[in-house]
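Reading the structure
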Amino acid sequence: MADPKGFMTTPRQEWPRRPVEERVRDWDEVYVPGALLPIISRQADRCMDCGIPFCHQACPLGNLIPEWNDLVSREDWRAASDRLHATNNFPEFTGRLCPAPCEAGCVLAINQPAVTIKNVECAIADRAWEEGFTPARPPDRLSGKTVAVVGSGPTGLAAAQQLTRAGHTVAVFEKDDRIGGLMRYGIPEFKMEKRHLERRIEQMRAEGTRFRPSTGVGRDVPAADLRARYDAVVLATGATAWRELPVPGRELQGVHQAMEYLPLANRVCEGDLAASPLSAAGKHVVIVGGGDTGADCLGTAVREGAASVTQLDIYAQPDAERDEDTEPWPTYPKIYRLSAAHEEARDLRTAPSADADARLFAASTLHLTGDGGGHVRSLHLMEVDARRQPVPGTERELPADLVLLALGFHGPDREDGLVEQLGLTLEPRGTIARDDGFATNVPGVFAAGDAARGQSLIVWAIAEGRAVAAAVDRYLMGSSRLPAPVSANDRPMRV
Ligand SMILES: Cc1cc2nc3c(=O)[nH]c(=O)nc-3n(C[C@H](O)[C@H](O)[C@H](O)COP(=O)(O)OP(=O)(O)OC[C@H]3O[C@@H](n4cnc5c(N)ncnc54)[C@H](O)[C@@H]3O)c2cc1C
Ligand code: SF4
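Overview of the structure. This is a predicted model, so every value here is computed, not measured. (Residues numbered from 1 in each chain as written. Chains lettered and ligands numbered in written order. Predicted model: local features only at pLDDT ≥ 70, side-chain atom pairs only at ≥ 80, totals over all residues. Heavy atoms only, no water.)

1. Some remarks on the site of ligand 1
For clarity, the cut-off: Here a residue is near a molecule or strand as soon as one of its heavy atoms is found within 4 Å of it. Any pair of N or O atoms that falls within 3.5 Å is considered a polar contact. Within protein, one atom must be able to donate a hydrogen and the other to accept it, and sequence-neighbouring residues count only if both atoms are side-chain atoms. The numbering of helices and of strands both runs from the N terminus, where a helix is a DSSP run of H or I of at least 4 residues and a strand a run of E of at least 2.
Around ligand 1, the surrounding shell holds 34 residues, and the nearest of these are L97, T155, E174, K191 and V217. A distance of 2.8 Å separates an oxygen atom of ligand 1 from a polar side-chain atom of T155. The backbone of L457 places a nitrogen or oxygen atom 3.4 Å from an oxygen atom of ligand 1. Counting only elements with at least two residues in the shell around ligand 1, the list comes to α10 (154-165), α14 (292-304) and α18 (458-477).

Shown next as structure tokens:
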């Protein structure tokens, strides 16, 4: 803390976003390039270095936030990078994508805007890459042990990097044609440009991690072979089995799952497709589901040139401020938030009759109707109360040429037959069962990330990847010095 009064003299200032009219015409990240570094040391100086840093406890990775805030305020970027990378393999991912439960737990947030922790994290990570503070770290010696990691999302990547650096020979199997999991096919470019992912994959290759894209375990490689060939197996296969909308008209053309829609837009950005076959261009789009996946559909549809976009949320509009009785500090409160995509959709709503927000809250879909040719034309909805009971007289019809379902996920995708081939035990909700030490019922097979925890966040995925790596290292070597930031039973404060 270079200035002990920083929190009194410096107001919170976030990394500015580019103007809406500019950013909706491209797929680049929404932030103003180069605008973060000049402001961030003063922002880090707002950290009070309070005696008990709740931010640190609220971060599943246990990021050493006050320590790196202090180092950034003193412009010691190398030391800040070392402290940050000691707990987080991929801070440039979380610095862009994390909902930052740490900021909800910041002591300053009791009566003032929190320190911009996520922005500080991102600045350290980006600066570290610019200055070459994060070279590849291949192991000094090999253990002679082999590990197969199935799935290349943030869980699999974090586990693979930790295990490779510990000296094990690690191969990452990925059924998609590119590495990255939902960070590759799912999360849009405007939230995180894929170059950040490529850079880490190159670093991991240089350290010795081997990647096997387009190789579905269960589909292209029998799961039993993997178990026989490797000393340990980590399942980090994610939870992408989507929830359905069981209403009349669901079968109409033009009604798609968010995860059928978003990866096609990713493929356009990758240069695989000239245009998405499901493009929203010129269409009235209705997104069913009020979460972040729905918001990603919103931002994508806006960029594709939709005629209108509406997002339906079954929950009532949250309050602007935290409810101290039900969600006291330092919990992560459910408050009204305007993401970059919501800001874009709002600013583009020019029709005089349009609601300011593209979201309709407390809205439940009744049915969909078609145009006679089997294509969706309208979505019919009504308002619901807090108990999700219909409010009489509130029926409404929205024009809809493209309906996107973003209703969440209920567990791992079972198509590849991996679960059956290995004889894995599942939890009642469909996730892979494991004990406290991440071990499944099959000896030598471990499970981590969304596949076992259920749909979660990048920060939890990285934390689980690090923790499962420690468990596997211990299984192979009898003991481990790898850090384990979470246990399999830890539950997040609601985010
Ligand atoms: C659209 C969307 C946006 C999101 N945005 C955010 C966000 O902004 N911030 C945030 O914190 N979280 C976000 N999330 C959640 C976050 O992406 C996930 O929690 C995280 O990616 C989980 O990581 P994972 O490695 O466990 O699984 P995944 O990222 O799902 O990766 C699993 C990988 O395993 C592969 N796989 C599956 N089965 C096999 C097999 N049999 N053989 C080989 N490979 C296999 C899959 O192809 C996939 O690549 C978002 C989720 C979605 C769907
Ligand atoms: S990973 Fe998320 S919770 Fe942890 S310090 Fe970064 S923004 Fe905060």
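2. Notes on the sheet that holds strand β10 (residues 376-383)
Stated precisely, the cut-off is as follows: Whether two strands pair depends on DSSP finding at least two bridges between them. Helix axes are fitted to C-alpha atoms over the stretch in contact, other axes to C-alpha atoms as well, and angles between N-to-C directions run from 0 to 180 degrees.
Sheet architecture is open: three strands sit in the order β9-β10-β11, paired in antiparallel fashion. Each having just a single partner strand, β9 (363-370) and β11 (396-399) make up the two edges of the open sheet. Sheet twist, expressed as the average angle between the axes of neighbouring strands with direction ignored, equals 30°.

3. Quick look at the site of ligand 2
In plain terms, the rule: Residues are called lining when one of their atoms sits within 4 Å of a cavity or pocket point, these points coming from a 1 Å grid over the protein atoms alone, where a cavity is a set in which a 1.4 Å probe fits but cannot get out and a pocket is an open set with protein on both sides within 12 Å along at least five of seven lines. Throughout, a molecule is located in a cavity or pocket provided that more than half of its atoms lie within 2 Å of its grid points.
Lining the immediate surroundings of ligand 2 are C59, N63, I65, T94, C98, A100, P101, C102, I117, K118, E121 and V459. Spatially, ligand 2 is embedded in the largest cavity. Within the residue set of the shell around ligand 2, elements represented by two or more residues are α8 (101-104) and α9 (117-131).

4. Structural notes on the side chain of D296
Put simply, the rule reads: Throughout, exposure labels follow a simple rule: accessible area from a 1.4 Å probe, protein chains only, divided by the maximum for the residue type, with under 20% read as buried, over 50% as exposed, and the rest as partly exposed. Note on contacts: a residue pair is in contact if any heavy atoms of the two residues lie within 4.5 Å.
As for its placement among the helices and strands, D296 is situated in helix α14. Assessed through its relative accessible area of 7%, D296 is described here as buried. Among the polar contacts listed, one links the side chain of D296 to the side chain of K191, at a separation of 3.0 Å. For D296, the residues in contact, after removing those within four places along its chain, are I187, P188, F190, K191 and L262.

5. Focus: the layout of surface pockets
Let me state the cut-off plainly: Grid points are joined across faces, edges and corners, and a volume is the space filled by probe spheres set on the points. The split into domains, and so the bounds of each, comes from an automatic or database assignment of domains.
Here the second largest pocket is characterised by a volume of approximately 710 Å³. Forming the boundary of the second largest pocket are 30 residues, of which R137, Q162, R165, A166 and L482 lie nearest the centre. Of all the secondary structure elements, the ones that give two or more residues to the lining of the second largest pocket are α6 (77-85), α10, α11 (195-207) and α18. Shared between two domains, the lining of the second largest pocket holds at least three residues of each, these being domain 1 (6-131) and domain 2 (146-241 + 410-477).

6. As for empty space enclosed by the protein
Convention followed: Each residue gets one of three labels, nonpolar for Ala, Val, Leu, Ile, Met, Phe, Trp, Tyr, Cys and Pro, charged for Asp, Glu, Lys and Arg, and polar for the others, Gly among them.
On inspection of all chains with the given rule, the structure shows five cavities of 30 Å³ or more. Empty space within the largest cavity amounts to approximately 110 Å³. Counting only elements with at least two residues in the lining of the largest cavity, the list comes to α5 (65-73), α8 and α9. No other element matches the three residues that α9 contributes to the lining of the largest cavity. Here the lining of the largest cavity is composed, by residue class, of 11 nonpolar, three polar and two charged. In this structure, the second largest cavity is lined by 16 residues; those nearest its centre are C47, C50, C55, C106 and V107. Of all the secondary-structure elements, those providing two or more residues to the lining of the second largest cavity are α4 (54-58) and α5. Top contributing element to the lining of the second largest cavity by residue count: α5, with three residues. Class assignment of the residues belonging to the lining of the second largest cavity gives a composition of 13 nonpolar, two polar and one charged.

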